[in-house]
Amino acid sequence: MKIRKAVFPAAGLGTRFLPATKAQPKEMLTLVDKPIIQYVVEEAVQAGLDNIILVTGRGKNAIEDHFDVSYELEAILTARNKLDLLQQVRQISDMIHVAYVRQKEALGLGHAVLMAETLVGEEPFAVFLGDDIIDAAVPCMKQMLDVYNTTGGSILAVMEVEREAVSRYGIIEIRKDAANGGRVFRIRDMIEKPSPEDAPSRLAVIGRYILSPAIFRALEETRPGAGGEIQLTDGIRHLLETERVYAFRFEGKRFDAGDKLEFLKATVEFALKRGDLGPALREYLRTLPCLNEKTSKS
Ligand code: G1P
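For the structure given in this document, a descriptive report is provided here. Quantities reported herein were computed from a predicted structural model and do not represent experimental measurements.

## Some details on the pattern of salt bridges
Applying the stated criterion across every chain yields a total of 22 salt bridges. Residues Glu43 and Arg208 are paired through a salt bridge, measuring 2.9 Å at the closest nitrogen-oxygen approach. One end of the pair, Glu43, is in helix H1 (residues 36-46); the other, Arg208, is in strand S11 (residues 203-211), and 165 residues separate them in sequence. Assigned by exposure class, Glu43 and Arg208 land together as buried. The closest approach of N and O atoms between Arg237 and Asp189, which form a salt bridge, is 2.9 Å. Linking Arg237 in helix H9 (residues 232-240) with Asp189 in strand S10 (residues 184-192), this pair joins segments that are 48 residues apart in sequence.

In structure tokens, the structure reads:
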């Protein structure tokens, strides 16, 4: 069954990025010149998914405004003949059909996905976590849809992480008998934020999922887990009892945009790649005395 809908849980409080997120949603933090949520929505659009469901909460109005038509701004840009900017602003609202649903209480990622049940209905769908920005030649979700077209079932994006980092992720255990070539594996079990001793592997789930609609029944039965929250990982564990779930090692570089250092790295790398900013930024970085001191000492 074709995947048409993409769910974006965006109700989190963004405590890792305080104080920037005190009065603005973390999804609206700017990476170069776009809010991070726009990068992730663009990935969905590039993968052919333009039916977007945003799960929001209190204080998230800026996200809705960002994807809405801004008549006032468009009128001013038209009057000033700023047609380039006008086109950029229009593209954002033209890009997608968007529906919003509120998660009234922050009860966890699994609970957020469950909020989208009525809007998704009985069809497989994609989930994108806005903190995970993936720079890839072929958009990560597009890679996953290509796999889906041959395997069907649910598919989770995974990548190998350091042993010390496993407690920040959902970690999968693969079925030894079912390694399906290089990048696709059948999942046997998974655990949310295990200690390094309890982790069954170093393969961590990254925020891109294709899920069968049976996940909604599974989530309804899921009790609070790690951190006292209803975890998507635990819902997928239930799903594993009745359905096949695959892990896919995607090609690309992932940045955790919820982490301050990774956010800075993403900002520098994305800006360096830009034709209008890259050359001047590279030049500027070269002139920084602190960087040069380090080079001359080593
Ligand atoms: C969530 C998921 C986790 C996954 C991670 C990827 O955790 O619960 O399984 O590995 O996203 O970014 P969070 O980052 O919300 O704590």
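Past the structure itself, the notes keep going.
## Things to note about the packing of helix H10 (residues 260-273) against helix H11 (residues 278-287)
Where H10 meets H11, the closest approach of the two axes is 6 Å, and the angle between their N-to-C directions is 125 degrees. Relative to H11, the element H10 is oriented oblique. Residues Val268, Ala271 and Leu272 of H10 form the contact with H11, whose participating residues are Gly278, Leu281, Arg282 and Leu285. Looking at the contact of H10 with H11 residue by residue, the class counts come to 5 nonpolar, 1 polar and 1 charged.

## Observations concerning the pairing of strand S6 (residues 125-128)
Successive residues of a regular strand alternate their side chains across the two faces of the sheet. Of the two faces of S6, the one lined by Phe125 and Val127 and the one lined by Ala126 and Phe128 are each fully buried. Note: strand S1 (residues 5-9) against S6, 2 bridges, orientation parallel. Paired with Val7 across the two strands is Val127, which belongs to S6. Relative to S11, S6 runs antiparallel, the two sharing 4 bridges.

## Re the site of the ligand
Within the structure, the ligand sits among Leu109, Leu129, Asp132, Tyr169, Gly170, Glu192, Lys193, Val205, Gly207, Gln231, Thr233 and Arg254. Between the ligand and Asp132 there is a distance of 2.9 Å, counted from an oxygen atom to a side-chain nitrogen or oxygen. Separating an oxygen atom of the ligand from a backbone N or O atom of Gly170 is a distance of 2.9 Å. Protein contacts shield 77% of the accessible area of the ligand, which totals 380 Å² for the unbound molecule. Here the ligand occupies the largest pocket. Among the residues forming the shell around the ligand, the class breakdown is 4 nonpolar, 4 polar and 4 charged.

## So, the nonpolar core
Taken as a class, soluble globular proteins show a tendency for nonpolar side chains to be buried jointly. Core analysis: the largest hydrophobic core is formed by 53 residues, its most contacted members being Phe8, Leu49, Phe67, Phe128, Ile133 and Met141. Residues contacting Phe67, with those up to four places away along its chain left out, are Ile37, Gln38, Val41, Leu54, Ile92, Ser93, Met95, Ile96 and Tyr100. Membership of the second largest hydrophobic core comes to 33 residues, among which are Ile53, Val101, Phe216 and Leu240.

The rules behind each value
Residues numbered from 1 in each chain as written. Predicted model: local features only at pLDDT ≥ 70, side-chain atom pairs only at ≥ 80, totals over all residues. Heavy atoms only, no water. Salt bridge = Lys/Arg side-chain N within 4 Å of Asp/Glu carboxyl O. Helix = DSSP H or I, 4+ residues; strand = E, 2+ residues; numbered from the N terminus. Buried < 20%, exposed > 50% of the residue type's maximum accessible area, 1.4 Å probe, protein only. Axes fitted to C-alpha atoms, helices over the stretch in contact; angles between N-to-C directions. Parallel < 35°, antiparallel > 145°, perpendicular 65-115°, else oblique. Contact = heavy atoms within 4.5 Å. Nonpolar A, V, L, I, M, F, W, Y, C, P; charged D, E, K, R; others polar. Pairing = 2+ DSSP bridges. Near = heavy atom within 4 Å. Polar contact = N/O pair within 3.5 Å; in protein donor to acceptor, adjacent residues only side chain to side chain. Areas by Shrake-Rupley, 256 points an atom, 1.4 Å probe, with all protein chains shown as cover. 1 Å grid on protein atoms, 1.4 Å probe; cavity = no way out; pocket = protein on both sides within 12 Å on 5 of 7 lines; lining within 4 Å. Sits in = over half its atoms within 2 Å of the grid points. Core = buried A, V, L, I, M, F, W, Y, C linked by side-chain atoms within 4.5 Å.

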